[in-house]
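Chain by chain, the residues run as shown.
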Amino acid sequence: MSQDMSSPSLLDRNLTFPPLPQDFREIAKKLMTRCSKNGYSPPNMTNHMLNRVNEIRHVPYLLISPSTTKPEERMGDPIFLFPALLSSLPPVSINRGALQSGMPDPPPQDPVMNITEKMWNCPNLPHMIEFMRNTTESVHCFMRAFIAPLCWAAVLHNSSQFSPDQLGSLLWAAKPFLEATPPTPLTLPSTLQRAHLAEMMKLFSEVFSSLSEAQKDQIKRWMKEKVIENEPSCRPAQNVSSVFTPRPTMASEKTRAEPVTDSSGFQTGQTNGMAGIDKAPYRAQRSLAAGQGIGQGNGRVAEPVKVLENLVNADIPANLQNPNKPAEVLGSHLNPNKPEIPGNQQDSSKPAENTGNQQDSSKPGEIPGSHQNSSKPAEIPVNQAKNPSANDDVLPQTAGSTDKTEKEQNRVEEVTEQGNETVPQNPEKQDDNGKGIDVGNGNGKNESKGHMTPEELSTVKEEKGDKNEEKETGKDEQKQEGEGNSDDEEKSGTNSPSAGCPRMPWLKVEALRMMGRFLSRLPEADVRAIPTEELCKFFQTPEFPSSFVKVDGLQPVIGRMLMQRLKQECSNGNQNLLTHLDRLGSLICFYDDAASLNSTLSRKLLSQLGDCANAGIDQMKRDLVRKVMVNGEGFPTLELLRSLGSGVSILSPSKLSDFSVEALRDSLSTLSQAPWKPAQAKILAQKLLEKNITGEKLLSLGSMVTGVDSDILRKVKLDGLLGNECLKNMTEKMSSLQKKAVLEGLRSSVNESDLVKEVPDPLLSSLSLHLLEKAGISSVDQLEGRSWSRTQSVYLVKKILSQGIRAEQIRKLGQAVQGVTCSMVDSVNQSDTLDVVQTLAKSSNWLSRTQVRCIAQKLFLSLEKQRPGYFMNISDSELQAIPALLLIHLPVKAIQDLPAAVCPRFLEKMSQANLSSLPNSSPSRWELRDRALRCLGKNASDLSTAEVLSLGPLLCELDPAWMSSLSPAVLNSTLQALVSCAHIPRPYRAPLFTLVTRIYGDPSIWTEDVMKLMGPLLLLNDTSLEMMPFKSWLKSSLSDMLNSMDPQPAALVPEEFRSWHDLLALHRKLFQLKTKPVQQRRRREISPSVQPSLSVIEDLGEGNVYWSPAQLANMTVPTFKEAVNVLGEIRNFTAEQLAVLRQKTIEAWGDIAQLNQTQIVELRCICQGFTIKELQSLSITSLDTLDLLSFCHWNTTQKVAIWQGFIQRTGIKMANLGAFEMVALGHFICGLQSEEIDQLSTGEFKEAVEDIGRARCHVTVLDCLKRKAVSAFGDPKKWGEPEASMMGNIIAGLNGTELASLNCSILPFIRQSAIPLILPERLAAMSVNQLKSLGPDNAAMITESQRSGLKVEQRAAVNESLGLSTSRSETSTSAPVAVPQKGGVCSSQCSQNTLYTYTIHPPTTKLGPPQDHHRAGIMWVGDHSQHCSDTDVLV
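Residues numbered from 1 in each chain as written. Predicted model: local features only at pLDDT ≥ 70, side-chain atom pairs only at ≥ 80, totals over all residues. Heavy atoms only, no water.

Novice: Where do I start with the overall build of the protein in this structure?
Specialist: Within the protein, the secondary structure is distributed over 74 helices and six strands. For the protein, the proportion of its 1435 residues judged to be buried stands at 60%. Roughly 54,000 Å² of accessible area belongs to the protein as shown, and the carbon and sulfur atoms make up 49% of that amount. (Helix = DSSP H or I, 4+ residues; strand = E, 2+ residues; numbered from the N terminus. Buried < 20%, exposed > 50% of the residue type's maximum accessible area, 1.4 Å probe, protein only. Areas by Shrake-Rupley, 256 points an atom, 1.4 Å probe, with all protein chains shown as cover.)

Novice: Looking at this structure, I do not really get the state of the cysteines. What am I missing?
Specialist: By definition, a disulfide links two cysteine residues through a covalent bond between their sulfur atoms. The tally for this structure, following the rule as stated, stands at eight disulfides. With a sulfur-sulfur separation of 2.1 Å, Cys903 is cross-linked through a disulfide to Cys935. Between Cys903 and Cys935 the sulfur-sulfur dihedral comes to about -80°; the bridge is accordingly left-handed. With Cys903 in helix H46 (residues 903–912) and Cys935 in helix H47 (residues 923–936), the pair connects residues that are 32 residues apart, well separated along the chain. In this pair, the class of Cys903 matches that of Cys935, namely buried. (Disulfide = S-S within 2.5 Å.)

Novice: I'm lost on unusual backbone geometry in this one. Help?
Specialist: Excluding glycine, residues mostly have negative phi values, and the peptide bonds linking residues are mostly trans. Non-glycine residue Lys550 carries a positive phi angle of around 50°. The residue Lys550 is located in the loop between helix H20 (543–547) and helix H21 (556–569) in this model. Positive phi outside glycine occurs at Arg1164, with the angle close to 45°. Along the chain, Arg1164 falls in the loop between helix H60 (1157–1163) and helix H61 (1172–1177).

Novice: Explain helix H67 (residues 1259–1273) here, please?
Specialist: Residues lying three or four places apart along an α-helix face the same way, a consequence of the helix completing one turn every 3.6 residues. Spanning 15 residues, H67 covers 20 Å between terminal C-alpha atoms, matching the ideal 21 Å at 1.5 Å per step. Inspection of H67 places Val1259, Val1261, Leu1262, Cys1264, Leu1265, Lys1266, Lys1268, Ala1269, Ala1272 and Phe1273 among the buried residues, and these make up the whole buried set. Its buried side turned inward, H67 meets helix H65 (1234–1239), helix H66 (1242–1252), helix H68 (1281–1287), helix H69 (1296–1300) and helix H70 (1320–1323). (Expected span 1.5 Å × (residues − 1). Contact = heavy atoms within 4.5 Å.)

Novice: Could you clarify how one ought to interpret the pattern of salt bridges in this entry?
Specialist: Opposite charge on two side chains lets them pair, provided their charged atoms get close. With the rule as written, the count across this model stands at 52 salt bridges. The salt bridge involving Glu744 is made with Arg714; its shortest N-O contact spans 3.7 Å. You can see Glu744 sitting in helix H34 (residues 736–747) and its partner Arg714 sitting in helix H32 (residues 710–715), a full 30 residues away along the chain. Among the charged side chains, a network of salt bridges with common partners joins Glu524, Arg528, Asp1009 and Lys1012. (Salt bridge = Lys/Arg side-chain N within 4 Å of Asp/Glu carboxyl O.)

Novice: Quick question: what am I supposed to make of the packing of helix H7 (residues 125–133) against helix H8 (residues 137–158) here?
Specialist: Two numbers describe a pair of packed helices, the interaxial angle and the distance between the axes. In the contact formed by H7 and H8, the axes pass within 11 Å of each other and the chain directions differ by 140°. Considering how the two elements wind past one another, H7 and H8 form a crossing that is left-handed. Contact residues: H7 offers Leu125, Met128, Ile129 and Met132, while H8 offers His140, Met143, Arg144, Ile147, Leu150, Cys151 and Ala154. Of the residues that constitute the contact of H7 with H8, the class distribution is nine nonpolar, one polar and one charged. (Axes fitted to C-alpha atoms, helices over the stretch in contact; angles between N-to-C directions. Left-handed = near helix turned anticlockwise from the far one by under 90°. Nonpolar A, V, L, I, M, F, W, Y, C, P; charged D, E, K, R; others polar.)

Novice: What am I meant to see in the environment of Ser1345 here?
Specialist: Mapped onto the fold, Ser1345 is located in helix H73 (residues 1344–1348). On the basis of relative accessibility, which here comes to 46%, the residue Ser1345 falls in the partly exposed class. On a C-alpha basis, the gap between Ser1345 and Pro1320 in space is 6.8 Å, while along the polypeptide they are 25 residues apart. Among the polar contacts listed, one links the side chain of Ser1345 to the side chain of Thr1343, at a separation of 3.1 Å. (Polar contact = N/O pair within 3.5 Å; in protein donor to acceptor, adjacent residues only side chain to side chain.)

Novice: What am I meant to see in the environment of Lys1012 here?
Specialist: Locating Lys1012 in the fold gives a position in helix H52 (residues 1008–1014). On a C-alpha basis, the gap between Lys1012 and Asp1040 in space is 8.7 Å, while along the polypeptide they are 28 residues apart. A polar contact is formed between the side chain of Lys1012 and the side chain of Glu524, at a distance of 2.7 Å.

Novice: What am I meant to see in the confidence of the model for the protein here?
Specialist: It should be kept in mind that the predicted coordinates are not to be read in detail where pLDDT is low. Confidence in the prediction of the protein, expressed as mean pLDDT, is 74, and 69% of residues score 70 or more. Segment residues 236–498: pLDDT under 50, and 707 contacts once partners within four positions in sequence are set aside and those in other chains are kept. Ignoring residues within four places in sequence, the model shows residues 1078–1085, a span with pLDDT below 50, making eleven contacts including any to other chains. (pLDDT = per-residue confidence, 0-100.)

Novice: Please explain the side chain of Ser917 as it appears in this structure.
Specialist: Summarising the element assignment, Ser917 is placed in the loop between H46 and H47. According to the relative accessible area criterion, Ser917 is buried, its value standing at 0%.

Novice: What should I look at first to understand the packing of aromatic side chains in this one?
Specialist: The relative placement of two aromatic rings is captured by the distance of their centres and the angle of their planes. In this structure the tally under the stated criterion is 15 aromatic pairs. Each ring, one from Phe860 and one from Phe871, has its centre 5.6 Å from the other, and the planes form 85°; the classification is edge-to-face. Within this pair, whereas Phe860 is found in helix H42 (residues 849–866), its partner Phe871 is found in the loop between H42 and helix H43 (876–880), the two being separated by eleven residues in sequence. Assessed through its relative accessible area of 7%, Phe860 is described here as buried. Ring geometry for Phe1071 and Tyr1106: centres 5.8 Å apart, planes at 45°, overall tilted. Of this pair, Phe1071 sits in helix H55 (residues 1064–1075) while Tyr1106 sits in the loop between helix H56 (1094–1100) and helix H57 (1109–1113); the two residues are 35 residues apart in sequence, bridging distant segments of the chain. You can call Phe1071 buried: its relative accessible area is 1%. It is Lys216 that lies over the ring of Phe208; its NZ or CZ is 4.2 Å from the centre. Between the NZ or CZ atom of Arg1131 and the centre of the ring of Phe1191, over which it lies, the distance is 4.2 Å. (Phe/Tyr/Trp six-rings, centres within 6.5 Å; stacked < 30°, edge-to-face > 60°. Lys NZ or Arg CZ within 6 Å of the ring centre and 35° of its normal.)

Novice: Whenever I open this one, the side chain of His983 confuses me. Can you help?
Specialist: Among the structural elements, His983 can be located in the loop between helix H50 (968–978) and helix H51 (986–1000). Classification of His983 as buried rests on a relative accessible area of 8%. Beyond its immediate sequence surroundings of up to four residues, His983 is in contact with Asn920, Arg925, Cys956, Glu957, Arg989, Arg1058 and Trp1060.

Novice: Any chance you could explain H50 here in plain terms?
Specialist: The buried fraction of H50 is high, at ten of eleven residues. Turning to H50, its buried residues are Ala969, Val970, Leu971, Asn972, Ser973, Thr974, Leu975, Gln976, Ala977 and Leu978.

Novice: Would you mind going over empty space enclosed by the protein with me for this structure?
Specialist: If you roll a probe as big as a water molecule over the atoms, it shows you where there is empty space left. Taken as a whole and judged by the stated rule, the model has twelve cavities of 30 Å³ or more. Its volume calculated, the largest cavity comes out at about 140 Å³. As for the largest cavity, its lining consists of 13 residues, and the residues nearest its centre are Lys740, Glu744, Arg747, Ser766 and Glu1247. Here the element with the most residues in the lining of the largest cavity is H34; it accounts for four residues. (1 Å grid on protein atoms, 1.4 Å probe; cavity = no way out; pocket = protein on both sides within 12 Å on 5 of 7 lines; lining within 4 Å. Points joined across faces, edges and corners; volume = space filled by probe spheres on them.)

Novice: What should I look at first to understand the packing of helix H9 (residues 164–180) against helix H10 (residues 194–206) in this one?
Specialist: Direction vectors running N to C along H9 and H10 enclose 20°, while the axes themselves pass 10 Å from each other. Overall, the two elements H9 and H10 adopt an arrangement that is roughly parallel. Both H9 and H10 take part in a crossing whose hand is right-handed. Only Ala195, His196, Glu199, Met200, Leu203, Phe204 and Glu206 of H10 make contact with H9, whose side of the interface consists of Pro164, Leu167, Gly168, Leu171, Lys175 and Leu178. (Parallel < 35°, antiparallel > 145°, perpendicular 65-115°, else oblique.)

Below, the structure written as structure tokens:
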């Protein structure tokens, strides 16, 4: 909407302010703070205004009181909150106007003041919006931020009562709310007219980039639902929630007189038509992909476990009124105990009527209706095997759960929207009796046409009601189909369309235009099903280009499919399509025929690829650039630079140096946005920067700033840029050394207090504790909204909150919550515990596993004090109050004792849970799984798909032997869901792969569509992936699969917290596919005669590590010189490979001693292959070069050689090294001799110690660095959490006595990388209590050699710290031994301690832990601990 648009019609409506949303103050304050950060000055509050506030608010405290009954809320006018919120804004780096009553009124012509005055007099929202829309953003920013959440609340409450223009005005005002703080999940209007829907989707497209993948998916589904509702020929859909289906209301909850609050936190009273329904699931339910991440410093240690929760089409229970149609919402009609949502046809006060169409409960995948009386509360017997209706109560409501990544959601949508009948079957597989295995067609029924082969998958359409359905085209889109809708509507709760309803009405051109950028989130099945006529019409509409602009996350398979369809069905080949390049947006990134283009078209295509970031785009750019350069147009001119566009980053440093300074300056807008390698950026920066360098010139470099020498950055005056968003953008691209250099320059002209207050976030974490100490930070308000490091966080939190923590303080900590210690949590008062832990849990992305563990223990201890045996008789509301993040840490006994009545809530909590804070072999994993299965109350063969998928992440813990008992349709769905598991127990992987091949056939016969569905499960068996025969689609499918998976972390992740994916086999297979000549692709090995080409090397990237030395030797010298930038970034070449590359270096540039620094930077990690003498002779004189080389893997001898050569050439003296120089040394500080370390300035060392602590040095060097640390910080026994965190790897230099003297409370703050560096004999000096206090992250880093040096009780302490200890009556935690069929005890002659008996439930009710022969022994914890050896017996 244009900013100057007015909406007179909106003024005709007397719209008063809606009820204040929950957390309104926090939301509005956050939005107003953004205005300050954007450089806008807040309006001044005049005496007149403040006097009016005081007149109406007799007690000014009420302006900011957390009380829920405030005068402004009772009066229905929240405007008087504005001054208090304005005055509470945190300090920003601009000259903010004074917010005090004693200042004179500003001049009447002040536009900010005028609009503020008018706002003060506005009786309603329409008038307020009218004033704002006729002003600029700088004038209305603060007011618009204030009313944005109110406008969104008004839209939700009254959307159906506005005209489109009125709704558009409200949405314009609400936009800042959705841009900055969109709640998850969103609450969306339940009913909308088509014109309103267009306005809503227009806004959602505008804020598309601000939404999470879960929110994007939710809006897409909601959009489909609304299109169906507004389709004239479709039966009106029921008025269901757009977020989640309410669970059964418990009797204890029906009497609660609490205000109804929606999932966005808005208090809706009784105005939303859902009075009396408990909306906790709306607030709480999340799918696994966006579950609570466990972070540490960088916000995340492990990616959340991803499990698909959506129901597949075939297993949605039958609608009782029409069994041939899917149920509207799982359980909403099936269980009369569930409250009805207004608009539903069935009266919830009556039992469900038997229509005669109810299915027998013995059929797999179907849940018949219930005949219970609705007056009874839902009760779930534990072992209810044949009462499906009751189990509807047990299941959490997953309809509408949308918190998934786009990658996993689209994977499941292809199945769910096609129906499980498309799941391939293997006709060649037989069971043990020689009979064919019938796994069903996905709907629990065996079709007479027989098994479906994998080859049929790509041709089967979405047949659901009509087997003879014709192929869908633009002509038959109105074809009547009884059950034509995809699973999307079924999941969102709508009925199947009536006769005459288009099969997929959201695929008509009008709906496609409204969907906008959300088209990029359509599943592959929908994209394939768009009728040609509708697609081509849409391609010609004005909305098409904007629908594919900056749609990050567009799946390659979707982009390629749309591109192919447009080319083949809507254009006459490439030439016509290329005339519409400007309309294709992000789709152009998937153009697949660049080789056929001439030079002119190559230039045109290159100009459109600037925003592309998909896999393969770099290779396309390289091919296009070379085509332009080869065709005689390679002269270094301004015209060439402009024509290359973002492809200019493909040019080598030598070619870039050929361009004139004038040509480079005239192309700055392009050059500043392109991605550059270090050597390229250094060449460009040197050419563009003159002697008189200013901050503005640095800003103009954009991405090229990475090539600016740190010495220059230290001298440039940047203090005038503080508070400028451009400074933040520039420093985000810098290396850590460059950031330190910028701070060095700023410190010379800005005092510490102002520097901390005004420095941009990318520089904030580089500030030393010494500087923070001088800055005088004393309030949590000064911490709010800043990106603090873990070390900074613990220092500041301990300093500011030394007297204790309260919930309202925690809310302001933001990332500084990393610094909350377990002792702080333990000191919280009993009465405040629940509030505090709930608030901490909301910051889960920044909590370490240690913090999560101690927060959970504090909560459970508090609850047990409140009521002994708390979890044995816990109520539904009490369980709801426990965050899922903490619930998974319940003791095993407490999990077993949970009452059956809380099963629905327990399952809902498990669907939200993120198990990454639990060790992979934790007994809690299978205890939670077993409890969830008992909640389902059925045998495996009787479970439906919905019931199995309701297990959430616990699905990944299922035993394949147990899964084999599932019905065929449910088994298919379960296997497809397992694709997204982040962890599969090691003992289950081989049998699971066997199960997959039994259902889908040997991978060698898989089709492309099967690979898309099940590809990641190939990694269960490396051999199968390696042996897959060549197929034309295999390389692109495996590349897509690799890109869809989480990247491997750079740091070593311990086994207990490691993902199950091992990508080595996948990388190796891709290398083979990319390098084998076609005629050799049936051979297993690559011929040594294969010559690595430049294009292949660039395409492989890190995969170049698989070249054999002989193949690298075949590389030509010109190819080596062109490819050295790529090869130099690979750190893991073998010694043999490096020897070959060293020889290539000599062939290309001659004597190694004559290499210049640009060549050294290009070679980078190839230098690892040089001899010690050659390394010492390298002409390195720049700290920036040393910093770049620190990236590589150097041994101690190499570090010493490089360092000695550096000091010989520079003549640097140890005593003169400042903190900046120490930081610049990086890992090469490990090359210093003992006497050199002793010469370092203690004060400068203290300033640089955190960066020095990141170096991974030999223990002898660590000993020397430790001595220097002791001289700077004192006796280690007096070190606190900040010092422990700051020391990093230097901690490993402490001797046994010093380690034993460390306070237990600081041990979780030791950096993980330091643990494996501690000598085993030193670690053994630590006490049992110290080892228990390490925390799970550090305990998991203990190596086998370190563990072998510990005593039995010490090993038990490590296990307890890790979370693997057991207690009385609990199951063994080590999970490596065979599970007996009955109870038993561990009997060992080696143990002199008390042995505790334990009971293992029979397999019918408890699966037991996975058997893993990679571990040995059972751990028992009593007064002492003792391992059972492999020879111990179970009796």
